[in-house]
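Close look at the chain arrangement
Residues per chain, in single letters:
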Amino acid sequence: MKPVVVGSEALSPSDVVAVARHMAPAHLHGGAEKAIRASRAIVERHLGGDRPVYGLNTGIGALADARIPSEDLEQLQRNIIRSHAAGAGEFLPVEVVRAIMLLRARSLAAGRSGVRLELVERLLELLNRGIHPAVPSRGSVGASGDLAQLAHIALGLLGEGRVLTDDGGTEPAAEAHRRADLAPLELRAKEGIAMINGTEGMVALGLLAHHDASMLLKEADISAAMTIEAALGTDRPFAEDLMTLRPHPGQAAAAANLRRMLEGSPIIASHRDSTHAVQDPYSMRCAPQVHGAVRDAHAFAGEVLERELGSVTDNPVVLPDGRVESAGNFHGEPIAYGLDFLTVGMSGLGNVAERRTFWLLGPAQARGLPPFLSTHPGLGSGYMLAQYTQAAMVSECKMLAQPAGLDSIPTSGTQEDHVSMGWLSGLKLRRVVELATTIVAIEALCAAQALDLRRPLGPAPGTAAARAALRQLVPFLEEDRTVAEDIEGAEETVRGGALIRAVEDIVGALQ
């Protein structure tokens, strides 16, 4: 796989996904060495002076007024890492740890942190050799950066703490270093605090969830098109001239996708002049408006994350004119609000998908579908309970959609009196995207059953391709069977992107 280069320019979201999920190697750009060495030289000059400089020769947080003797400066950095490695809870997945390691290396390579070249190189070496620190999932309050999580990453440089193993367990980091013939890195002045101040944790969570959400936006349009068609709905509300009356970009994109997938549908043509329904339910008729609003929230969150990919969020920062200044760029509120906004949107996406499914399974018999899409209603319950699962997940999404960025609990005495809780925003978004994916998969599962029940009338080429993709793993429900297995097959089709690939092979790239 093509290596990702760190230090030449801002990373792209696709770079992060490549390293985090596909194990792409990451290398330091040769031009970054000069900036790293220059910032380190500035730090060394300050160490020779008498002026107190935060984190170099003082304590940190509420202990910033404590002056540290020169002979204890290296011990200070080790103490910072050990004391801040205070996380709790289950360990983060490997992909999140890898993303954090890459993003921290990128920030340090910008030459504003004052670390040695050796530290950046060792961080990338651990990443490329698959030595992943075991990082607890709880402990960050999203200001001063993701202190606890980054401290656990830094423990890996010291050969301390634990690392993740291929079997899903952990082992002592010292053992992994021994096998790799690596000596623990000795931290120098400024390097401990440079490892832990930054927003890389919440950015890593956000980028990976944002990537998955981008796929789900298309998949929700696909499942909606299938449902609308199977419910004998109309495509007239999605006309382009109607969309221009309210020119939100997300709405226009969702409507365009629906038009393309429903084009040429024999099912829709069969009732185009019928008076069976003057208007479809909102969950169908307003699908572009709802899906579009989620798309716009997704776009906003993406802009925030991309800006973070080119930012320096260390504290203190080393400036080219020789100053070492305390700053507040580590505060995660911009990220918290962006991720919270997207969490609300993804919760809404799941909610409207569940409403369409409910309609297919219940009131849809007024348009010729059997109750719960069962071929033997009464004797069989069909997909009745699939909607229960959706309902439970939608309720969980709604609870998780409470914005974490609204909360703040002071830390470090009164020094850190306002924090962002942006780390929790990232954790919640990640979970809501997972839930919404299952909700959409269940809609597609039920819609495929409903489309088959419309035979001999066939669906449009685009929706027919989606149905065929689902049928690779889930056969038509002729008689009741274990519904969980059907849901699992639908999930696999959606999560793996097979649904999108099948449709785009027929109608071209979706927006």
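What counts as what
Residues numbered from 1 in each chain as written. Predicted model: local features only at pLDDT ≥ 70, side-chain atom pairs only at ≥ 80, totals over all residues. Heavy atoms only, no water. Helix = DSSP H or I, 4+ residues; strand = E, 2+ residues; numbered from the N terminus. Buried < 20%, exposed > 50% of the residue type's maximum accessible area, 1.4 Å probe, protein only. Contact = heavy atoms within 4.5 Å. Areas by Shrake-Rupley, 256 points an atom, 1.4 Å probe, with all protein chains shown as cover. Lys, Arg positive; Asp, Glu negative; His and termini not counted. Charge placed at Lys NZ, Arg CZ, Asp CG, Glu CD. Axes fitted to C-alpha atoms, helices over the stretch in contact; angles between N-to-C directions. Parallel < 35°, antiparallel > 145°, perpendicular 65-115°, else oblique. Left-handed = near helix turned anticlockwise from the far one by under 90°. Nonpolar A, V, L, I, M, F, W, Y, C, P; charged D, E, K, R; others polar. Polar contact = N/O pair within 3.5 Å; in protein donor to acceptor, adjacent residues only side chain to side chain. Salt bridge = Lys/Arg side-chain N within 4 Å of Asp/Glu carboxyl O.

Time to look at the overall build of the protein. Looking only at helices and strands, the protein features 20 helices and eight strands. When the backbone C-alpha atoms are referred to their principal axes, the protein occupies close to 85 × 50 × 40 Å. Expressed as a percentage of its 511 residues, the buried residues of the protein come to 55%. If you take every contact in the protein between residues at least 6 apart in sequence, the share linking residues at least 24 apart comes to 79%. Accessible area of the protein: about 20,500 Å², with a carbon and sulfur share of 54%. Charge-centre separation for the protein: the mean point of 47 positive side chains lies 2 Å from the mean point of 61 negative side chains.

Helix α11 (residues 249-262) packs onto helix α9 (residues 200-230) with a crossing angle of 50° between their chain directions and a minimal axis gap of 9 Å. Relative to α11, the element α9 lies oblique. Judged by the sense of rotation from one axis to the other, the crossing of α9 with α11 is right-handed. Here α9 contributes D221, I222, A224, A225, I228 and E229 to the contact with α11, which in turn contributes A254, N257, L258, M261 and L262. Grouping the constituent residues of the contact of α9 with α11 by class yields eight nonpolar, one polar and two charged.

Another aspect to go through is the environment of Q279. Inspection of the secondary structure assignment puts Q279 in the loop between α12 (266-270) and α13 (282-285). For Q279, a relative accessible area of 52% translates into the label exposed. Along the backbone, Q279 and G233 are 46 residues apart, and their C-alpha atoms lie at a distance of 8.4 Å. Reaching out from Q279, the side chain makes a polar contact with the side chain of R285 at a distance of 3.1 Å.

The next subject is the pattern of salt bridges. Per the counting criterion, the structure on display carries 31 salt bridges. In this structure, R104 engages D314 in a salt bridge whose closest nitrogen and oxygen atoms are separated by 3.8 Å. Remark: D314 occurs in the loop between α14 (287-309) and β7 (317-318) and R104 occurs in helix α4 (residues 94-109); sequence separation between them is 210 residues. Each member of the pair, R104 together with D314, is buried. In this structure, the salt-bridge partner of D452 is R467, at a minimum N-O distance of 3.0 Å. Taken together, the positions of D452 in helix α17 (residues 422-453) and R467 in helix α18 (residues 461-471) put the pair 15 residues apart, joining distant regions of the chain. Residue class for D452 comes out buried when judged on its relative accessible area of 5%. Relative accessible area serves as the criterion here: at 16%, R467 is assigned to the buried category. In this structure, a network of salt bridges that share partners links the residues R21, E95, D212 and R430.

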